[in-house]
Amino acid sequence: MADQTGTKQSVGVFLQGAAEKWAPAFRMTILLMISILAVIVRVFSVIRFESVIHEFDPWFNYRTSKYLAKEGLYGLWNWFDSESWYPLGRSVGGTVYPGLMTTAGIIYWGLHALSIPVDIRNVCVFLAPIFAAFTAIAAFLLTKEITRRSEAGLIAAFFVAIVPSYMSRSVAGSYDNEAVAIFALVFTFYVFMKAVNTGSLLWGNFAALALFYMVSAWGGYAFIVNIIPIFIVAMFFKKFLRPADDDDLVLRRIYVAYSAFYVIGTFYAMQIPFVGFQAIHSSEHMASHGVFIFLQVYMFISWVRSFITKSAFRMLSRLFILTLVSLLVLGFLFLTFTGKTQWSGRSLTLLDPTYAKKYIPIIASVSEHQATTWSSFFFDLHYLIIFTPVGLYYCLRKPTAAKLFASLYVVLSVYFASVMVRLLLVLAPAVSVMAGIGVSYLFRKFTQAIRSSFEKPAKDKQGRQTTQKKRIPPELAAIGLIFVVYMCSTYAFHATNAGAESYSHPSIILASRDRNGNRFIIDDFRESYYWLRQNTAQDAKIMSWWDYGYQITGMSNRTVLVDNNTWNNTHIATVGMAMSSSEEDAYEICEKLDVDYVLVIFGGFSYYSGDDINKFLWMVRIGGGVFPHIKEEDYYGRGQYRIDQHATPTMLNCLMYKLCYYRFDEVKTDYWKPPGYDTVRGTEIGHKGFKLKRFEEAFTSERWIVRIYKVKPRENRDGLSIRSRSVVSMPEKLSEATLGGPTFKYHKYAHKLTAKRRRAL
Amino acid sequence: MMKVVLVLGILAILGLAQTQVKSKVAELRQLADQEPSGVISLNAKTYKYFVTDTPRPYDLVIFFTADNCKLCEQIYIEYSTVAKLYRDGGAFYSSRKDGRRHRAVFFAKLQFTEATRDIFQKFHFNSVPNILVSLPKMTSIGSEENMQAYLKQYLWIMSVSDGVITSSKLLDHVNKKTGRNVEYKEPIINIFITLGILGAVGFGGYLLLTALKSILGNPRVWLLGALITYSLCMAGIVFNILHGVPFTSVDRNGNVEWFAKGARTQLGAEGYIMSFSITLAGALLIGILKYGPSEDRSKARLLFAVFGIAFMLVLFHIESVYREKVHHYNPSFWPPAHYIRGPLMNDQGNSL
C-alpha cells in the first residue's frame, strides 16, 4: 500500500518535473499554433472568392500602397491626388495615416530585396491576417504583464486570435487601418505596462515608439492618449481612497514611464503630417497634457516634503494641488471657448452620443457609426462577455497598477463600443484579455482541486497534518472543467463560423445561389468599373454617391467628385442635391461640376439591398443640411419613404429615381408580378415609361446592379429657345410683349431679330 | 448757363439719391440699435420701404414668424444670437476685405398679421419659421420663374427634418449667403456658467469622496461599479436613447412582445434583460469560485450544484433567445454541407 502511494507520488513528481522543464517549449509551441490559427481562420475569403481587396476604404489604401511602392515614401508625402474630389483634388500625403501603407511597402520592398517577386496586391490582401497573429502574441505579452501568469496569456491569445469582432476587420483582403492598428494598440499597452511595472526609462521610450506606430496607423490612437492619463488619475484616486504601502513606489514608476512616454510620444505623433500640431492643441490631447503637468507638480511636492514639517507640507500641498487643478480646468475651458482647441465630431459623438444625430448627418449616416445592440455584443464577442466578469473579479480582488489598468480598459471601451458598433473592435482585445484572465482563474481553481485529491495531505516536520487548504470538491471541479472547455470550444466553433460565413464577403463580389442550389458569382461591380476604365475618356469625371468613390478611382482609374474620405461636407452635399433634384436642375449642377458620367447602384432587379435607393434618404438629409431647399419630407409619400404610386412627385421625378428605374418597367423580375416590380422594396414602381432628356444610358451591368449614364451635351441652340420659338410666339408690336426689368433689352433685341426673320420669311 | 444748371441739377439729384441711400442705411442702423438683440421688427409698411423699394444697398435677413409658434420662439433665440454676433463683428457696416466688398447686413423679423398676410402669401408660406436672405438683386427680379430660382437659393423653409437648429448652424447659413465670414463666439456669460457648474461639481465630488472614503475605497465597490457599467453599456442603452426604442411592443395578435427579431434592432426591455443575464452568468461563475471552496464538503457540493445549474439555465436562456432572434446563428460549425469539397478549383469562387 505504501509502495503504491510511493509510485503515485513519484509519478506525480516526475510529471511535475517534466512539465516544469518543458513548459517554455510548450508555451512557444502553443503560441505558434495560435498564431497560425489566427492566420488561417482569416483566409476563408481568399479560398471562397479570390485574392481581392474588399469593400470601400481598403481600395483607397490599396491604391495608395501601389503609389507608395512605385514612388517611395516621399512620393507619397508629396502626392496631390487630382483624381478625387474634382475639382478640388486632395493632398493625400497630409491627409492620410501612412502606417498601413508603409508597413505593406516595407514588406514588399523586403521581399523584393530577397528576390521574392510578390505582387503588392497580395501583400495588401494578406497583411491583416499576419498582423492578427502579431496581435495574438501582443495579447499574450500584455496578459502576462498584467497577471504574471503565462497560462492566462495563452488563453487570452487564443481568444483574441479568433474573436469575431476583430476578424470582421482583419480577414484577408480587408486592407484597412484597423488591421494593423489593433496590434499597435495592444502592443502599446503591453509596452507601457512593462514600463509601469519596471519603472524603466527605456521601456517608457519603447512605449512612445509603439505609440508612434499606432499614431501613424489609425485615428483611434486618441483612445490610448486618453486612457493612459485616466489610468494615472485613477491611481491617484486609489492612493487617496485606499492607501497601500507601495503607493509611492508605484507612482514614482508611473512618473518615469509616463514622462518618457508623453514627451517623446507627443514629438513622434507630430511627425505624422496628418496629426502635426493637433497633438498639441486638439482637445483629444488635453488630458495627456494636464496629467503630465500634474505629475510633475506632484513629484516636485513630494521632493519638497523631505525638507519641511508635516503640517506645513500638508497646507502647502493642498494649496498647490487646488490651484493647479483649477488652473488646468480654466485653461482648458478658455482654449475650448476661444476656439483655440476643438473637438472633432467623431470624438464628440463618443462623449455625447446624440451629437452626431443632431448635427453631423454625414457621421450618422455611416452604418458602422451606429449604436450597438446587445445582440451585436453577443455575436461579435460571444462567450467572452460571460467570462469577462470573472476576469474583473480576479483583477479587482487584489488590485495592482496593471490589473487596475486592465479593468479600466474594459470599462471604458465597453462604453465606447456601446456608442459605435465600429468600436467593438477596441473592446475585443480588452474583453479577450479579461476573459483569458477569468478562464485561466477558473481552470486554475478547478485543476488545483483535482490535483489536491491526488496529493497526500502534507505533513510538517513534527508529523502533524497541516490544515488543508479550502478546495472545490474534485469531482465537481472536473465537471466544471469539462464545461468550461466545452464553452471555449463552442466559442471557437462560433468564431470559425463567423469568420467563414459572415465576415468573409469581399462585398465587391457577391455570391448567390440559383434555384437548383448551385453557387454563382455576381461580379457586377468589377464588370462596370472595368467598363468605365476601357470605354470612357481618360479624364472623364464620374459622379456617384461617396460610398463608391474609392472603388471607382481604384478600379476604373477615373476622376470622381466625392469619395469615402468625407472631408468636404459641402461637396458631398452638392452631389446629394444633384441626386435629389429634378432632372433639369441636376443637369445644371452636373454641367457646373463638369460631370461626364453618373453612376448609380441599383439592387431592385437582383435582390441587392445595399443600393442607392435605400441610401437615398441620407443623400437628401446631407444635401438638405447644406441646401435647405431640399426637404426630407418632400420625399415621404403618405408619411413613408416609398417608391410606388403613392410616392410624392418630388421623389418620382428626382434624378436618383429616374436613373435607377429608367426602363425598369420593360422587364419582369418575377413571373407572378407585374413588370417594374422592385424586388428589394417589394413593390411596383410608381413612375413608368418616362424618357430621359439630359442623360443617356451608357452601361448597365449584367444584373443591373450598376447603371452608368452619360451626361448629354446641350443640344444645338439649347438655352436660346426663346429666340427660335419667338418667330411664332413673339407679338407683332413691341409694346404687346410682357417686359420685365432686366430682360427688357433682351426682348427688344429679340423683337428686332424676329422682325428681321419675318421679313425674310 | 443752361449747362451749369443741368450739371447742378444732376448733382442735386445724385446727392439726393445718395442721401436717401445713406439715410435708409442709417435708419436701419438706428432701428437696430434700439433693440437689444439688434433684430428690427418690420411691418407691412416698413417691409415695403426697406425690402422692396429701391435703392437699397444692404442685405437684409428676414425672419418670418407668427404668434403661438413654439418652434419660432426657440429658433428666434438662436437667430438673435446670430444678429448679435453680426453686430459685434461690425457687419452692420459695409466694408471691404480681401478685395471683396461686403454690404451692410441687417436682421429683421416679420410677424404674421392681417396686414402682412399678402407678403406671406406672395412667398407661398405654409409654415413658419422661415428665414430669407434678401440681397439687393432681389428687388430687380422680374419674372416669377427667376424669383423661384432666387428663393430656392436664399429662402430657408424650416421644418422638423432640419434637426436641431443651433446658432452656429444659422450663422453658417447667413455667412454663406451674404459672403461674410463672421465667426462664432461663445458668450462670456455661458463660459462663467459652465465654469461655475464645473467648480460646484468638482467641489461636491471632493466632499462626496471624503465623506464616502471607506465605501469608495473598497475594491468590491469598484467591482460592482464596473459590472454595472458593463451591463448597462452592453444593454445598448445608447441605442435605446438614440432610437427612442419602446420598452416592449405589441404584436399583431395583441400579445406583449419582449424581443425584437433581427440582429440590428432590439427593444428596451430586451437589452436590459439579456445584458443582465450575461452579467449574471458571469457572477454565478464568480460565485462558484468564491463560495465553492469550503471545508464542509456537502455544503460545498450543494453550493456548487446550485450555482452550476443556475449558470447553465441562464446560459441556455441566452442561447435560446439569441437563436430565436438571429436565425443564422450556428455555433456548431464544422465545414457546412454547402462547402464544396474536393479539388481546390471546385470552390475558387470565380468559377461559375
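This structure is a prediction, so every number in the text was calculated from the model and none was measured.

Rules used throughout
- Residues numbered from 1 in each chain as written.
- Chains lettered and ligands numbered in written order.
- Predicted model: local features only at pLDDT ≥ 70, side-chain atom pairs only at ≥ 80, totals over all residues.
- Heavy atoms only, no water.
- Helix = DSSP H or I, 4+ residues; strand = E, 2+ residues; numbered from the N terminus.
- Buried < 20%, exposed > 50% of the residue type's maximum accessible area, 1.4 Å probe, protein only.
- Contact = heavy atoms within 4.5 Å.
- Pairing = 2+ DSSP bridges.
- Axes fitted to C-alpha atoms, helices over the stretch in contact; angles between N-to-C directions.
- Salt bridge = Lys/Arg side-chain N within 4 Å of Asp/Glu carboxyl O.
- pLDDT = per-residue confidence, 0-100.
- Buried area = accessible area lost by both parts, 1.4 Å probe.
- Polar contact = N/O pair within 3.5 Å; in protein donor to acceptor, adjacent residues only side chain to side chain.
- Nonpolar A, V, L, I, M, F, W, Y, C, P; charged D, E, K, R; others polar.
- Disulfide = S-S within 2.5 Å.
- Patch = residues over 30% accessible without salt bridge, like charges linked within 9 Å, V, L, I, M, F, W, Y side chains within 5 Å.
- Areas by Shrake-Rupley, 256 points an atom, 1.4 Å probe, with all protein chains shown as cover.

**Digging into the overall build of chain A**
Next up, step 1: Looking only at helices and strands, chain A features 31 helices and 13 strands.
Next up, step 2: A total of 761 residues make up chain A; the buried ones form 55% of that total.
Next up, step 3: Sequence-distant contacts in chain A: of pairs separated by 6 or more residues, those separated by 24 or more amount to 71%.

**Let's talk about the sheet that holds strand β7 (residues 155-157) of chain B**
Residues and elements named next belong to chain B.
Next up, step 1: The strand order β1-β5-β2-β6-β7 describes an open sheet built from 5 strands, whose pairing is mixed. Each edge of the sheet is formed by a strand with only one pairing partner; in this case those strands are β1 (39-42) and β7. The sheet shows a mean angle of 20 degrees between the axes of neighbouring strands, taken without regard to direction.
Next up, step 2: Strand direction decides the pairing type here: β1 and strand β5 (residues 104-111), joined by 4 bridges, are parallel. Looking at the pairing, isoleucine 40 lines up with alanine 108 of β5.

**A word on the pattern of salt bridges**
All names here are of chain A.
Next up, step 1: Tallying each qualifying case throughout the model produces 31 salt bridges over all chains.
Next up, step 2: One salt bridge connects aspartate 247 with lysine 238, and the closest N-O pair in it is separated by 3.8 Å.
Next up, step 3: Here glutamate 702 makes a salt bridge to arginine 703, at a shortest N to O gap of 3.8 Å.
Next up, step 4: Note on glutamate 702: relative accessible area 54%, which makes it exposed.
Next up, step 5: What makes arginine 703 partly exposed here is its relative accessible area of 24%.
Next up, step 6: Salt bridges sharing partners connect three or more residues here, namely Arg169, Asp176, Glu178 and Arg422.

**A few points about the confidence of the model for chain A**
All names here are of chain A.
Next up, step 1: Averaged over every residue, the pLDDT of chain A is 85; residues scoring 70 or more account for 88%.
Next up, step 2: Highest mean pLDDT in chain A belongs to helix α9 (residues 201-217) (95); lowest belongs to helix α30 (residues 721-729) (47).
Next up, step 3: Counting interchain partners and residues more than four positions distant, the pLDDT-below-50 stretch residues 721-727 has 12 contacts.
Next up, step 4: Low pLDDT, under 50, characterises residues 738-744; the predicted model gives this stretch 5 contacts beyond four residues in sequence or across chains.

**A look at the interface of chain B and chain A**
Next up, step 1: If you look at the interface, chain B gives 86 residues, while chain A gives 84 residues.
Next up, step 2: Taken together, both faces of the contact between chain B and chain A bury some 7900 Å²; the carbon and sulfur share is 71%.
Next up, step 3: Remark: the boundary between chain B and chain A carries 1 salt bridge.
Next up, step 4: In this structure, the salt-bridge partner of A:Glu475 is B:Arg301, at a minimum N-O distance of 2.4 Å.
Next up, step 5: Put simply, chain B and chain A have 8 residue pairs in polar contact (both at pLDDT 80 or more) between them.
Next up, step 6: Sorting the residues of the side of chain B that touches chain A by element identifies β7, α6 (167-178), α7 (188-211), α8 (213-216), α9 (219-234), α10 (237-243), α11 (268-291) and α12 (297-325) of chain B as the ones contributing at least two each.
Next up, step 7: Among the residues forming the side of chain B that touches chain A, the class breakdown is 46 nonpolar, 25 polar and 15 charged.

**As for the state of the cysteines**
Next up, step 1: In the structure shown here, the tally under the stated rule is 1 disulfide over all chains.
Next up, step 2: Two residues share a disulfide in this structure: B:Cys69 and B:Cys72, whose sulfurs sit 2.0 Å from each other. Handedness of the B:Cys69-B:Cys72 disulfide follows from its S-S torsion of about 85 degrees: it is right-handed.
Next up, step 3: A relative accessible area of 2% means that B:Cys72 is categorised as buried.
Next up, step 4: Cysteine A:Cys590 is unpaired, with the sulfur of A:Cys654 as its nearest cysteine sulfur at 13 Å.
Next up, step 5: For A:Cys590, a relative accessible area of 0% gives the class buried.

**Structural notes on a nonpolar patch on the surface**
Next up, step 1: On the surface, a nonpolar cluster with roughly 890 Å² of combined accessible area is contributed by A:Phe300, A:Trp303, A:Phe307, A:Ile308, A:Leu316, A:Phe320, A:Ile321, A:Val325, A:Val329 and B:Leu198.
Next up, step 2: Looking at the nonpolar patch, the elements with two or more residues in it are α13 (286-305) and α14 (310-337) of chain A.
Next up, step 3: When residues of the nonpolar patch are assigned to their parent elements, the largest contribution, 5 residues, is made by α14(A).
Next up, step 4: Here A:Phe300 lies in helix α13.
Next up, step 5: For A:Phe300, a relative accessible area of 44% corresponds to the partly exposed category.

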